[in-house]
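Secondary and tertiary structure notes
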Amino acid sequence: MNQRNAAPHIHLIGQGVISSLIATHALLAQRPFTQYVRTQRTAPTMYWLSGENYALPTATVLNHAVAGTKRMSGIIIIPTKAYQVANVLTDLQNLIADDAVLVLLHNGLGTHETAQALFPKHTIYAATTSMAGYAFTTTTDTLTCIQHTAWGQTQIGNIQNARSANDSTQDNTLSYLSTIIPELHHKTSILEALYTKLAVNAVINPLTAIHNIKNGRLADSEYMMTMQAITQEIVMLAKHKNLSLSYTQIWNIVLGIVHATGDNYSSMHQDITHGRRTEVDFINGFVVREAQKIGLNVPENEKLLKHIHILEERL
Ligand SMILES: NC(=O)C1=CN([C@@H]2O[C@H](COP(=O)(O)OP(=O)(O)OC[C@H]3O[C@@H](n4cnc5c(N)ncnc54)[C@H](OP(=O)(O)O)[C@@H]3O)[C@@H](O)[C@H]2O)C=CC1
Ligand SMILES: CC(C)(CO)C(=O)C(=O)O
């Protein structure tokens, strides 16, 4: 990525909630950006947490984006659902320049191997965020609006652990991204941050969806033993991966988020309620697949995975 002459272009795949929150930050910071959609659509109106409304520019249809010769260069952020990432990466294969940088930004795990297989020479980052919002339509029209609900924090790190000749380019990328993503923290071991978020989602999301409750109800004593068992299984998996995460550390974070988001419905609860596919295959499903590879028993995660699959089949 050549940053000597011009600001790198930010390419955002999709015009979903997280993509549009980042796009609004870029708009306000006057950074060049483009959002890419599969089919042409009206751009959303953003209802910003601080009270203002913003109109985002119309997105570009992905396959038209690089019609002709010029490939996408700069920073390519993929803020889609985890189960959409493999298709996005395949779509991008012949569209991006050799010096483009990729950022995977989603809940759950299980996309890194695909990204590295398809882009062995590119710099790839993974990130996890607590910025938040939701999409809705107004009663007066059918246009999509997005309500911003949390500024949040974002943790980012290189998935190849490549601190090498590229160091200064990587530092430039991260310092540029920090001008459009609030509270961006660089992690040298991003997997620790991703496994921590994995545990939060593996505990809160399926239980709230299965029991049809808000996050805060998980503080009731009836759920404690199950929540602790799910957490324990993920800590064991993380230990096998040589990640330095303790049970107490993760458990306190899980409980903290149950309380902090007590009045919210988790994304999996909302997906099941609205008849959408969930990200369970990349949350509890990831835990089950990785555990199988090393002969580790994770019965609680297996149970939740099966239960959510049954709920998805009923949709
Ligand atoms: N929303 C939130 O507050 C938070 C979300 N997250 C996580 O961030 C990730 C993104 O979430 P969110 O923004 O809510 O998801 P959305 O469903 O709102 O956005 C995903 C977007 O990606 C688009 N997309 C998918 N595949 C392609 C493709 N091949 N080409 C172009 N566009 C594509 C979808 O388009 P289409 O409409 O055509 O399907 C959709 O608009 C998830 O992992 C989520 O769990 C994390 C923290 C908070
Ligand atoms: C942190 C939590 C559990 C908040 O609801 C979340 O990330 C989700 O719902 O997907």
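Preceding this paragraph is the structure being described.
My aim in this report is to walk through the structure given alongside it, one point at a time. (Residues numbered from 1 in each chain as written. Chains lettered and ligands numbered in written order. Predicted model: local features only at pLDDT ≥ 70, side-chain atom pairs only at ≥ 80, totals over all residues. Heavy atoms only, no water.)

Attention now moves to the site of ligand 1. Neighbouring residues of ligand 1: 23 residues in total, closest Ile18, Arg38, Arg41, Asn107 and Glu279. Note that an oxygen atom of ligand 1 is positioned 2.8 Å from one of the backbone N or O atoms of Ile18. The separation between a nitrogen atom of ligand 1 and a polar side-chain atom of Asp91 is 3.3 Å. Relative to its unbound accessible surface of 900 Å², ligand 1 loses 82% to contact with the protein. Contributions of two or more residues to the shell around ligand 1 are made by helix 1 (17-28), helix 3 (85-92) and strand 9 (132-137). For the shell around ligand 1, a count of residues per class yields nine nonpolar, nine polar and five charged. (Near = heavy atom within 4 Å. Polar contact = N/O pair within 3.5 Å; in protein donor to acceptor, adjacent residues only side chain to side chain. Areas by Shrake-Rupley, 256 points an atom, 1.4 Å probe, with all protein chains shown as cover. Helix = DSSP H or I, 4+ residues; strand = E, 2+ residues; numbered from the N terminus. Nonpolar A, V, L, I, M, F, W, Y, C, P; charged D, E, K, R; others polar.)

We now examine the sheet that holds strand 1 (residues 10-13). If you walk across this open sheet you meet the eight strands as 5-2-1-6-7-8-11-12, and the pairing is mixed. Looking at the sheet topology across the chains shown, the edges are occupied by strand 5 (60-61) and strand 12 (184-186). Alignment of strand 6 (residues 75-78) against strand 7 (residues 101-105), held across four bridges, turns out to be parallel. Paired with Ile77 across the two strands is Val103, which belongs to strand 7. Relative to the sheet, helix 1 contacts strand 1, strand 2 (33-37), strand 6, strand 7 and strand 8 (123-129), its axis offset from that of strand 2 by approximately 160 degrees. Along the sheet, helix 3 makes contact with strand 1, strand 6 and strand 7, crossing strand 6 at roughly 150 degrees. (Pairing = 2+ DSSP bridges. Contact = heavy atoms within 4.5 Å. Axes fitted to C-alpha atoms, helices over the stretch in contact; angles between N-to-C directions.)

Below, the discussion takes up the nonpolar core. For soluble globular proteins, nonpolar side chains are generally found buried alongside one another. In this structure, Ile13, Met72, Ile76, Ile78, Leu92, Tyr195 and Met227 are the most contacted members of the largest nonpolar core, which totals 64 residues. By residue number, the principal contributor to this core is helix 6 (residues 190-211), which donates 13 residues. Formed jointly, this core draws a minimum of three residues from each of two domains, domain 1 (10-187) and domain 2 (192-313). Not counting chain neighbours up to four residues away, the residues in contact with Ile78 comprise Ile13, Val88, Leu89, Leu92, Leu102, Val103, Leu104 and Leu105. Of all hydrophobic cores here, the second largest spans 29 residues; its members include Ile18, Val101, Ile146 and Tyr176. (Core = buried A, V, L, I, M, F, W, Y, C linked by side-chain atoms within 4.5 Å. Buried < 20%, exposed > 50% of the residue type's maximum accessible area, 1.4 Å probe, protein only. Domains from an automatic or database assignment.)

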